[in-house]
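Below are the chains, spelled out letter by letter.
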Amino acid sequence: GQQLNQSPQSMFIQEGEDVSMNCTSSSIFNTWLWYKQDPGEGPVLLIALYKAGELTSNGRLTAQFGITRKDSFLNISASIPSDVGIYFCAGLLYTGGFKTIFGAGTRLFVKA
Amino acid sequence: SAVISQKPSRDICQRGTSLTIQCQVDSQVTMMFWYRQQPGQSLTLIATANQGSEATYESGFVIDKFPISRPNLTFSTLTVSNMSPEDSSIYLCSVDSRTRADTQYFGPGTRLTVL
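Residues numbered from 1 in each chain as written. Chains lettered and ligands numbered in written order. Predicted model: local features only at pLDDT ≥ 70, side-chain atom pairs only at ≥ 80, totals over all residues. Heavy atoms only, no water.

1. Here we look at the sheet that holds strand 6 (residues 55–58) of chain A
Residues and elements named next belong to chain A.
Here's step 1: Across the sheet, which stays open at both edges, the five strands sit in the order 1-3-8-7-6 with antiparallel pairing between neighbours. Since the sheet does not close on itself, it has two edges, and those belong to strand 1 (5–7) and strand 6, each with one partner. Averaged over all pairs of adjacent strands, the angle between their axes in this sheet comes to 15°, without regard to strand direction.
Here's step 2: In terms of strand pairing, strand 3 (residues 19–24) meets strand 8 (residues 71–76) through six bridges, oriented antiparallel. By the bridge assignment, Met21 is partnered in strand 8 with Leu74. (Pairing = 2+ DSSP bridges. Helix = DSSP H or I, 4+ residues; strand = E, 2+ residues; numbered from the N terminus. Axes fitted to C-alpha atoms, helices over the stretch in contact; angles between N-to-C directions.)

2. Topic: the side chain of A:Thr100
Here's step 1: Along the chain, A:Thr100 turns up in strand 10 (residues 98–102).
Here's step 2: A distance of 2.5 Å separates the side chain of A:Thr100 from the side chain of B:Gln104, its partner in a polar contact.
Here's step 3: Setting aside chain neighbours within four positions, we find A:Thr100 in contact with A:Ala90, A:Gly91, A:Leu92, B:Tyr35 and B:Gln104. (Polar contact = N/O pair within 3.5 Å; in protein donor to acceptor, adjacent residues only side chain to side chain. Contact = heavy atoms within 4.5 Å.)

3. Here we look at the pairing of strand 3 (residues 19–25) of chain B
All names here are of chain B.
Here's step 1: Residues Leu19, Ile21, Cys23 and Val25 line the buried face of strand 3, whereas the alternating positions Thr20, Gln22 and Gln24 sit on a face that is not buried.
Here's step 2: In this structure, strand 1 (residues 4–7) lies alongside strand 3, joined through four bridges in antiparallel fashion. Considered in strand 3, the bridge of Ile4 is made with Val25.
Here's step 3: The sheet contact formed by strand 3 and strand 8 (residues 75–80) spans six bridges and is antiparallel. In the strand pairing of strand 8, Gln24 is matched with Phe75. (Buried < 20%, exposed > 50% of the residue type's maximum accessible area, 1.4 Å probe, protein only.)

4. Side note on the environment of A:Pro81
Here's step 1: Within the secondary structure, A:Pro81 sits in the loop between strand 8 and strand 9 (85–94).
Here's step 2: Ignoring anything within four residues of it in the chain, the contact list for A:Pro81 reads A:Glu15, A:Val110 and A:Ala112.

Put into C-alpha cells, the structure is as follows:
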C-alpha cells in the first residue's frame, strides 16, 4: 500500500535556527497537508497544498508540494521555543473518495 | 475551519469494560473519521463514520470492537469495547472541511488508559 517516509525522525535545534523536514513517497498524491501536534492535543492544520509545485507560507512556516507530486517539505524559519512539538505530513489520494496517509512525524526540540 | 469537541478528554478504565467517546462539530460536515494514535506513534484510521449507514472500517478494525454511530451530520460516537491495556491510546475525531473534501481537521483527542 501507499507509504510516506517522513524525515528526520527528530531534530534538536537552537532557538533562532531554521528547520526543514520532508515527506517522500513512491505514490502520487493529490493533496499534501502539514500538521503540528502539541503534547496532549489533537493535530492542528498548519498548511494545505493542493497543486504540484505550489509554495505556501503561513507566518514563519513555508511548505511546498513537490513537482512530481510524490514529496513535500516544510520549513520553519527563526525557530522559537513554542515550535516544539510533533509535525506530521499527510498525503491525500483520490480513489473514489480521499484516502489519507500520515507520515511517522518529526519531533522538534528547540533549545532556548 | 470547524470547531470540534470530544468527550471525555481523558479516562482511565478497567480492562473488560467499554468506553464511548463523543465527537461534536459546530457545523454540518460530510465526512467524519475516527483515528487511533498509540503512544509515540502516528495516526491510524479506524473507520469512516457514515451518516445513516454503517461505518466503513479499515483493515484490522472491526465493528464488534469499535462500534460507531453517526446519527446526524454534526455528531458521532466511537465505543471501545471489552478494553485491554493494548487499547491505551489517544482517540481522535476528524472531519473534512466544509469547502474541501481533501482537507481534514482534528478534534482535541481522548486520552484513554486501560489498566
